[in-house]
Amino acid sequence: KTCSDVLDRLRGWGSRPQKQLRLCESLALGERRFLSVVECGRSRYLLGGTAASLTMLAALDSAERDPEGPSWRFVDGEMVRCT
């Protein structure tokens with residue numbers, strides 16, 4: 001091995017892989033219920049959860065990433081996109 005090979009190996013030693021999962025935002029809804037926007041790679045998902053379950057409610061597109069864009073609310077126990 002050359003000195004360059006050893007240096008390349010040392011540069012990579014101890015480095016961590018880039019994280020692919022990120023919690024963008026979370027909203028507590030009371031009674032141990034919540035909504036979260038999670039980013040995985042370049043995709044974002046709206047998740048709903050309770051103490052006993054976790055459900056993907058929607059895959060969000062680029063228009064839904066806009067903070068001034070569409071919002072969501074509960075209607076009769078279901079998530080509905082506000083227009």
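First, a word on what this report is: a plain description of the structure on this page. (Residues numbered from 1 in each chain as written. Predicted model: local features only at pLDDT ≥ 70, side-chain atom pairs only at ≥ 80, totals over all residues. Heavy atoms only, no water.)

Describing the overall build of the protein
Looking only at helices and strands, the protein features 1 helix and 6 strands. What you see in the protein, going N to C, is helices and strands ordered as α-β-β-β-β-β-β. Within the protein, buried positions represent 17% of all 83 residues. For the protein, long-range pairs separated by at least 24 residues make up 6% of all intrachain contacts whose partners lie at least 6 apart in sequence. When the accessible area of the protein is evaluated, it comes to approximately 7100 Å², of which 52% is carbon and sulfur surface. (Helix = DSSP H or I, 4+ residues; strand = E, 2+ residues; numbered from the N terminus. Buried < 20%, exposed > 50% of the residue type's maximum accessible area, 1.4 Å probe, protein only. Contact = heavy atoms within 4.5 Å. Areas by Shrake-Rupley, 256 points an atom, 1.4 Å probe, with all protein chains shown as cover.)

So, the nonpolar core
Ranked by size, the top nonpolar core spans 5 residues in total: L35, V37, L46, A58 and L60. Contributing elements (two or more residues each) for this core: β2 (33-40) and β4 (54-60). (Core = buried A, V, L, I, M, F, W, Y, C linked by side-chain atoms within 4.5 Å.)

Examining the sheet that holds β4
Taking strand neighbours across the sheet as the criterion, the 4 strands line up as β1-β2-β3-β4 in an open arrangement whose pairing is antiparallel. Two strands bound the open sheet, and with one partner strand each, they are β1 (21-30) and β4. Adjacent strand axes in the sheet meet at a mean angle of 20 degrees, parallel and antiparallel pairs treated alike. Examined bridge by bridge, β2 and strand β3 (residues 43-49) share 7 bridges and lie antiparallel to one another. Bridged to V38 within β3 is Y45. (Pairing = 2+ DSSP bridges. Axes fitted to C-alpha atoms, helices over the stretch in contact; angles between N-to-C directions.)

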